[in-house]
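Next come the chains, spelled out residue by residue.
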Amino acid sequence: MILSDKATHITTIKNEKMGFAVKHNGHLSLHQVFHRAISQRAELTAEEAELFTMELEGGHLLPCSQWLITGMESGGDQTEELVSVSLSIQCGQDELMAKVIFLHHLEDQSIRYLIQLGAKWDEMGPKEVYLHMPFLANFRWDEEQANHYYFPSNPQAKRDGSSIMQMHVEFTMPLGIFHPNQQHGFSLEFPNLNEYWFIWVQNRNMELKQITSLTELKHHWLLLRPDPVPADVMEIKFSAIERGWVEFFTSWRQNARKPISYKEYERPELKWYKDMFLQHFTYIFSKEVYDFEKNQIDVERLLQQGEAFGGYDSVLLWHQYPRLGVDSRNQWDFFGEFPGGMPGLIKTVEQFHQRGVKVFLPFKPWDIGFDESVKQSTLSIVEIVRETNIDGVFLDTMDSVPDSFRDAVHEIKPDFVFCSEGRPKKKHQIEIITGSWNQFKNKESMPETDIFRYVMTEHFSPIISRWHVGIRKDLLIKRAIFNGTGILVWQDVFGSWLPYNKLQQAAIKKWKHIWREHKANYQSSSPVPLYPMLQSGLYCNAFPSDDGTSIIYTIYNDTDNEIRGDLLKSASLGIMSVTELWDDLPVQVKQLEGYDLIRGTVKSKELSIIRVGL
């Protein structure tokens with residue numbers, strides 16, 4: 001709906017959920033921001049009303065309120081409505097021309113705020129322009145209390161201020177600007193315009209996606225490079241949120257997933273991969289598995305040891321590096337020098353298969369010779385797959401795989417999977433690589449989440465940090481539990497023996513049992529990271545089952561003291577049962593008006609796994 005008041009020079013564009021009103025009496029300013037769940041303040045301050053400020057080379061500040069309005073139009077059809085205001089400003093011999101546009105999409109009830117910019121330069125030629133949008137940081141829902149923000153690269157901070165959430169280049173979180181009640185506010189998405197980044201005219205600097213704090217939001221300046229032809233320089237999609245972080249995250253995830261094809265993940269032949277939980281990195285010359293007297297792999301010994309962890313679901317047989325590179329032998333030569341040669345490798349794979357354990361072998365792109373083509377590498381790996389009947393390949397150091405490579409292997413073994421060491425980054429690789437390591441090196445690994453795990457829920461991704469020892473291994477296990485994922489057990493790191501102790505082994509075994517028992521929750525399509533908690537120092541991830549019968553809340557206490565009492569408001573009403581799965585601690589539900597309150601105890605630096613039945 002578009003409303004125009006000629007007497008007050010105010011035009012409003014709005015829908016049932018939200019809207020914007022602008023004042024245009026010769027100059028343009030933001031007059032009002034509407035959200036149906038929030039009472040509107042009577043008047044905006046001058047800072048809040050400033051839609052943009054530009055700085056022209058030489059230190060010339062050009063706030064929107066000083067530009068002259070040269071035209072205005074509004075209209076719409078069955079799909080969208082538009083209010084467009086044309087502006088210009090003279091700075092010496094330079095003239096800048098802009099358009100501010102509010103575009104209402106009727107289907108999804110979003111309103112897009114766009115800025116177009118062009119310039120007529122003096123004889124000295126083009127100049128750089130910087131854009132700042134003061135209202136993003138200055139607008140207040142409440143005059144007494146500050147807004148609550150979810151920043152795109154730091155939606156929730158640890159105690160040291162760093163982000164709990166590990167981000168991903170393909171899945172950039174929106175900016176959330178919320179009322180102090182943290183329930184009502186806006187989601188601000190910035191379209192991904194990578195294809196324009198290296199074009200002079202369209203160099204839209206999307207640094208807002210990297211914002212981590214209110215200070216950065218208040219002081220952002222985005223580089224623009226206008227020329228005489230007006231071009232889009234900024235676009236923000238506003239959506240109204242009424243149910244806090246849960247709605248904010250889930251609605252964004254739904255949009256983020258739309259461009260991705262899930263054909264590969266949905267193939268029946270590859271369903272087995274998602275059910276993997278515990279993988280072992282099998283350095284074949286380790287005492288874990290190598291029989292030095294018989295020069296053969298002792299499969300039974302390894303699997304018996306694995307029972308302490310709950311049993312290995314798959315193994316990665318590692319046999320080339322670090323010997324690879326000492327002489328002229330390449331990675332393919334080393335397949336023939338597996339203990340017992342190629343027959344020994346075939347026998348080893350058969351023995352694992354007889355025990356129901358899947359087998360992976362590595363592929364090393366850094367060992368491709370100058371005279372070896374991709375086609376030759378493909379033929380080599382196809383032959384290895386044909387001879388050994390392995391179940392997958394580990395793409396060492398890689399985050400992608402050539403289509404020809406993958407297609408050739410699938411032609412002879414359709415249920416073959418590819419696991420990359422690095423997270424696949426680009427859309428196409430995300431679509432075709434169905435598993436990767438969730439590998440990290442930081443010491444303080446809790447509390448941490450990984451946005452990729454909560455968007456690409458189908459993607460198999462075990463937790464691994466190879467050099468962790470002692471308490472760091474405890475944190476590794478907690479990180480897997482906190483995020484509802486499997487683990488890669490790696491104890492012999494190329495000759496460095498870094499074992500899990502018996503308590504850690506027992507913890508992994510216990511976690512595997514819980515994960516298997518509640519797989520419907522941990523494999524659900526709608527997990528919610530960073531679920532809101534009622535006490536400071538508590539962090540939570542929620543795993544609702546897709547059939548709506550249960551939710552698991554995994555809570556971590558990052559303080560030095562035990563926390564008791566109110567923990568969280570449940571995402572669903574009508575809880576029928578509640579159980580603490582990790583330590584069998586007492587937990588209660590108190591039914592209040594409009595929500596169910598969960599109360600319990602979380603030990604210092606420990607986890608609590610609370611399952612509610614609905």
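You'll find the structure just up there.
What counts and how
- Residues numbered from 1 in each chain as written.
- Predicted model: local features only at pLDDT ≥ 70, side-chain atom pairs only at ≥ 80, totals over all residues.
- Heavy atoms only, no water.
- Helix = DSSP H or I, 4+ residues; strand = E, 2+ residues; numbered from the N terminus.
- Buried < 20%, exposed > 50% of the residue type's maximum accessible area, 1.4 Å probe, protein only.
- Contact = heavy atoms within 4.5 Å.
- Areas by Shrake-Rupley, 256 points an atom, 1.4 Å probe, with all protein chains shown as cover.
- Lys, Arg positive; Asp, Glu negative; His and termini not counted.
- Charge placed at Lys NZ, Arg CZ, Asp CG, Glu CD.
- Phe/Tyr/Trp six-rings, centres within 6.5 Å; stacked < 30°, edge-to-face > 60°.
- Lys NZ or Arg CZ within 6 Å of the ring centre and 35° of its normal.
- Core = buried A, V, L, I, M, F, W, Y, C linked by side-chain atoms within 4.5 Å.
- Pairing = 2+ DSSP bridges.
- Axes fitted to C-alpha atoms, helices over the stretch in contact; angles between N-to-C directions.
- Parallel < 35°, antiparallel > 145°, perpendicular 65-115°, else oblique.
- Left-handed = near helix turned anticlockwise from the far one by under 90°.
- Nonpolar A, V, L, I, M, F, W, Y, C, P; charged D, E, K, R; others polar.
- Polar contact = N/O pair within 3.5 Å; in protein donor to acceptor, adjacent residues only side chain to side chain.
- Expected span 1.5 Å × (residues − 1).
- Arc of directions from axis to C-beta.
- Patch = residues over 30% accessible without salt bridge, like charges linked within 9 Å, V, L, I, M, F, W, Y side chains within 5 Å.
- Salt bridge = Lys/Arg side-chain N within 4 Å of Asp/Glu carboxyl O.

## Observations concerning the overall build of the chain
Of the regular secondary structure elements, the chain holds 15 helices and 38 strands. Looking at the chain as a whole, 56% of its 614 residues are labelled buried. Put simply, of all contacts in the chain between residues at least 6 apart along the chain, 67% involve residues at least 24 apart. For the chain, the exposed surface amounts to about 26300 Å²; the carbon and sulfur share of it is 50%. Across the chain, the mean location of the 64 positive side-chain charges is 5 Å away from that of the 81 negative side-chain charges.

## Quick word on the packing of aromatic side chains
This structure, assessed with the given rule, holds 52 aromatic pairs. Considering the side-chain rings of W245 and F248, the 5.6 Å spacing of their centres and the 40° angle between planes classify their relative orientation as tilted. Of this pair, W245 and F248 both sit in helix 4 (residues 244-257), three residues apart, roughly one helical turn. Here the two residues W245 and F248 agree in accessibility, since each one is buried. On the basis of an interplanar angle of 20° and a centroid distance of 5.9 Å, the ring pair of W332 and F335 is categorised as stacked. Of this pair, W332 and F335 both sit in helix 7 (residues 331-336), three residues apart, which is roughly one turn of that helix. Taking the relative accessible area as the measure of exposure, F335 reaches 1% and is therefore buried. Aromatic rings pair up to connect F281, Y283, F285, Y290, F292, W318, Y321, W366, F394, W437, W490 and F494 into one cluster. When the ring centre of F34 is taken as reference, the NZ or CZ atom of K14 above it lies at 5.8 Å. The positively charged end of K510 is found above the aromatic ring belonging to W582, 4.4 Å away from the centroid.

## Details of the nonpolar core
The biggest cluster of nonpolar side chains holds 104 residues, and the ones touching the most others in it are I487 and W511. Listed in part, the 57 residues of the second largest apolar core include A119, I211, V233 and A240.

## What to know about the sheet that holds strand 6 (residues 60-63)
Paired through their backbone hydrogen bonds, the strands of a sheet run either parallel or antiparallel. Across the sheet, four strands lie side by side as 6-5-11-16; this open sheet has antiparallel pairing. The open sheet terminates on both sides in strands that have one partner only, identified here as strand 6 and strand 16 (222-224). On average, each strand axis in the sheet is tilted by 30° relative to the strand beside it, whichever way the strands run. Where strand 5 (residues 53-56) and strand 11 (residues 129-132) come together, four bridges link them in antiparallel fashion. By the bridge assignment, E55 is partnered in strand 11 with Y130.

## Some points on the packing of helix 9 (residues 374-388) against helix 10 (residues 403-412)
Relative to each other, helix 9 and helix 10 sit at 25°, their axes nearing to 9 Å. Taken together, the axes of helix 9 and helix 10 are roughly parallel relative to one another. As helix 9 packs across helix 10, the resulting crossing turns out to be right-handed. Contacts between helix 9 and helix 10 involve V374, S377, T378, I381, V382, V385 and R386 from the former and S404, F405, A408, V409 and I412 from the latter. Its residues placed into classes, the contact of helix 9 with helix 10 shows eight nonpolar, three polar and one charged.

## Overview of the environment of M124
Take M124: it is sitting in the loop between strand 10 (110-120) and strand 11. Residue classification places M124 among the exposed residues on the basis of a relative accessible area of 66%. The spatial distance from the C-alpha of M124 to the C-alpha of Q93 is 9.7 Å, given a sequence separation of 31 residues.

## A few points about the side chain of H220
Summarising the element assignment, H220 is placed in the loop between helix 3 (214-218) and strand 16. On the basis of relative accessibility, which here comes to 5%, the residue H220 falls in the buried class. A distance of 3.0 Å separates a polar atom in the side chain of H220 from the backbone nitrogen of M133.

## Focus on helix 8 (residues 341-354)
For the α-helix, the turn length of 3.6 residues means that residues three or four positions removed from each other point alike. The terminal C-alpha atoms of helix 8, which comprises 14 residues, lie 20 Å apart, in line with the 20 Å expected from a rise of 1.5 Å per residue. For helix 8, the set of buried residues is G341, M342, G344, L345, T348, V349 and F352. End-on, the buried residues of helix 8 take up no more than an arc of 160°, which puts them together on one face. Along helix 8, exposed side chains directed more than 90 degrees from the buried face belong to P343 and Q354. Considering only its buried residues, helix 8 is in contact with strand 20 (296-297), helix 6 (299-306), strand 21 (314-318), helix 7, strand 22 (358-363) and helix 9. Directly beyond the C-terminal end of helix 8, a positive phi value near 75° is found at G356.

## What about a nonpolar patch on the surface?
Taken together, the side chains of L61, Y130 and W221 define a hydrophobic patch exposed on the protein surface, amounting to about 270 Å² of accessible area. You can see L61 is positioned in strand 6.

## Some words on the environment of G613
Within the secondary structure, G613 sits in strand 38 (residues 607-613). Considering only alpha carbons, one finds G613 and D313, 300 residues apart in sequence, at a separation of 29 Å. Ignoring any residue separated from it by four or fewer positions in sequence, one finds G613 in contact with T549, S550, G574, I575, M576 and S577.

## What about the environment of Y290?
Mapped onto the elements of the fold, Y290 is located in strand 19 (residues 290-291). On the basis of relative accessible area, Y290 is assigned to the buried category, the value being 9%. Sequence spacing of Y290 and L568 is 278 residues, and the spatial spacing of their C-alpha atoms is 50 Å. Apart from the residues lying within four places of it in its own chain, the contact partners of Y290 are I284, F285, N295, Q296, I297, R301 and P339.

## A look at the pattern of salt bridges
For the structure on display, the rule yields 33 salt bridges. Where salt bridges share partners, they join E264, R267, E269, R406 and D407 into one cluster.

## Details of the packing of helix 6 against helix 8
At their nearest, the axes of helix 6 and helix 8 sit 10 Å apart, and the two run at 35° to each other. Crossing angle aside, the handedness with which helix 6 passes helix 8 is right-handed. Residue-level contacts link V299, L302 and L303 of helix 6 to T348, Q351 and F352 of helix 8. In terms of residue class, the contact of helix 6 with helix 8 is built from four nonpolar, two polar and no charged.

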